[in-house]
Amino acid sequence: MASALHNLSSYDPATVPDGNGWQIGIVVSEWNEEVTGALLEGAYNTLLKHGVDKDDIIVKTVPGSFELVYGSAAMIEDTAVDAVIAIGCVIRGDTPHFDYICQGTTQGLAELNRQAEVPVIYGLLTCNTMQQALDRCGGALGNKGDECAVTALKMIQFRQDL
Ligand code: DLZ
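Here's a quick rundown of the structure. Model, not experiment: these values are computed from the prediction.

What counts and what doesn't
- Residues numbered from 1 in each chain as written.
- Predicted model: local features only at pLDDT ≥ 70, side-chain atom pairs only at ≥ 80, totals over all residues.
- Heavy atoms only, no water.
- Axes fitted to C-alpha atoms, helices over the stretch in contact; angles between N-to-C directions.
- Helix = DSSP H or I, 4+ residues; strand = E, 2+ residues; numbered from the N terminus.
- Parallel < 35°, antiparallel > 145°, perpendicular 65-115°, else oblique.
- Left-handed = near helix turned anticlockwise from the far one by under 90°.
- Contact = heavy atoms within 4.5 Å.
- Nonpolar A, V, L, I, M, F, W, Y, C, P; charged D, E, K, R; others polar.
- Buried < 20%, exposed > 50% of the residue type's maximum accessible area, 1.4 Å probe, protein only.
- Pairing = 2+ DSSP bridges.
- Near = heavy atom within 4 Å.
- Polar contact = N/O pair within 3.5 Å; in protein donor to acceptor, adjacent residues only side chain to side chain.
- Areas by Shrake-Rupley, 256 points an atom, 1.4 Å probe, with all protein chains shown as cover.
- 1 Å grid on protein atoms, 1.4 Å probe; cavity = no way out; pocket = protein on both sides within 12 Å on 5 of 7 lines; lining within 4 Å.
- Sits in = over half its atoms within 2 Å of the grid points.
- Salt bridge = Lys/Arg side-chain N within 4 Å of Asp/Glu carboxyl O.

### Considering the packing of helix α1 (residues 33-49) against helix α5 (residues 144-161)
Two numbers describe how α1 lies on α5: the axes approach to 7 Å, and their chain directions differ by 40°. What the angle tells us is that α1 and α5 run oblique. In the crossing of α1 with α5, the sense of the turn from one axis to the other is right-handed. Where α1 abuts α5, its residues L39, G42, A43, T46 and L47 lie against K144, G145, D146, A149, V150 and L153. Residue composition of the contact of α1 with α5, grouped by class: six nonpolar, three polar and two charged.

Right under this line is the structure:
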C-alpha cells in the first residue's frame with residue numbers, strides 16, 4: 001500500500017505477540033502535548049490490548065523531543081524494561097531549528113537502538129503543520145502510537161526468538 005494511504009493503526013492482530021510478562025518503557029515529550037498525549041494513549045491502550053499488564057508499563061515525560069535520547073537511555077539503564085518507546089512531535093517553524101531537533105533526536109535514537117540491549121522504538125512525528133500531526137495521532141491517518149506499541153512487541157519477540 002502506498003505510504004500516503006497507510007493508516008498507522010491498521011495491523012493484523014494475529015501477528016502481534018502476547019505481551020503478558022513483558023515490561024515496556026514509554027518516554028514522552030511534553031512539547032506539543034495535545035499530540036504526544038494522544039500518541040501515548042494510543043501506545044498505552046494497544047499494549048494493554050495485547051496483554052501487557054498496566055503495572056508493567058513505565059511512563060516518564062521529558063521536556064522536549066531532543067531529551068528523548070537521554071530519557072530513553074536512562075530508562076534502559078535504570079529499569080528492567082524489555083523495550084522503550086520514544087514519543088515526540090516536532091512541528092516546523094520559521095527557522096532551521098526544526099531540522100536540528102529532528103536530526104539530533106533521530107540520530108540519537110538510531111544510535112541508541114543500535115547499541116542498547118533492548119529495542120528503542122521511534123515514535124517521533126516530524127511534521128510541517130499541526131494538521132499533519134493531528135492526522136497521525138488518532139486522526140485521518142490513524143495513530144502512530146498504536147504502530148509503536150505493535151512494533152515494540154514484535155521486536156521483543158524478535159530478540160527472544162534469537
Ligand atoms: C525548542 C523546541 C522547538 C522550537 N520546537 C519543538 C518542537 O516542535 N517539538 C519538540 O518536541 N521540542 C521542541 N523544542 C524543544 C527541544 O526539543 C528541546 O527540549 C530544547 O531545545 C531543550 O533541549
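Now that the structure is up, let's keep going.
### Considering the environment of E67
Inspection of the secondary structure puts E67 in the loop between β2 (57-62) and α2 (68-78). We classify E67 as partly exposed; its relative accessible area is 32%. Taking C-alpha positions, E67 is 20 Å from I57, a pair spaced 10 residues apart along the chain.

### Section: the sheet that holds strand β1 (residues 24-29)
Strand order in the open sheet formed by four strands is β2-β1-β3-β4, with parallel pairing between adjacent strands. If you trace the sheet from one side to the other, it starts and ends with β2 and β4 (120-127), each paired once. Strand-to-strand twist of the sheet, defined as the mean angle between neighbouring strand axes without regard to direction, takes the value 15°. Looking at chain direction, strand β3 (residues 83-91) and β4 are connected through eight bridges and run parallel. Within β4, the position partnered with I91 by the bridge is C127. Together, β1, β2, β3 and β4 form the strand contacts of α1, whose direction differs from that of β3 by roughly 155°.

### Some thoughts on the site of the ligand
Around the ligand, the neighbouring residues are S29, W31, N32, G64, S65, F66, E67, C89, V90, I91, H97 and I101. The separation between an oxygen atom of the ligand and a polar side-chain atom of S65 is 2.6 Å. Here a nitrogen atom of the ligand sits 2.8 Å away from a polar atom, N or O, in the main chain of C89. Within the complex, 71% of the 480 Å² of free accessible area of the ligand lies under protein. One can see that the ligand is located within the largest pocket. For the shell around the ligand, the secondary structure elements donating two or more residues are β3 and α3 (97-115). When grouped by side-chain class, the residues that make up the shell around the ligand number six nonpolar, five polar and one charged.

### Description of the pattern of salt bridges
Summed over all chains, the structure comprises four salt bridges. K54 is paired through a salt bridge with D55; the nearest N and O atoms lie 3.8 Å apart. What makes K54 exposed here is its relative accessible area of 52%. Between E111 and R114 there is a salt bridge; the shortest N-O distance is 3.2 Å. Pair noted here: E111 and R114 are both in helix α3, with a separation of three residues, about one helical turn.

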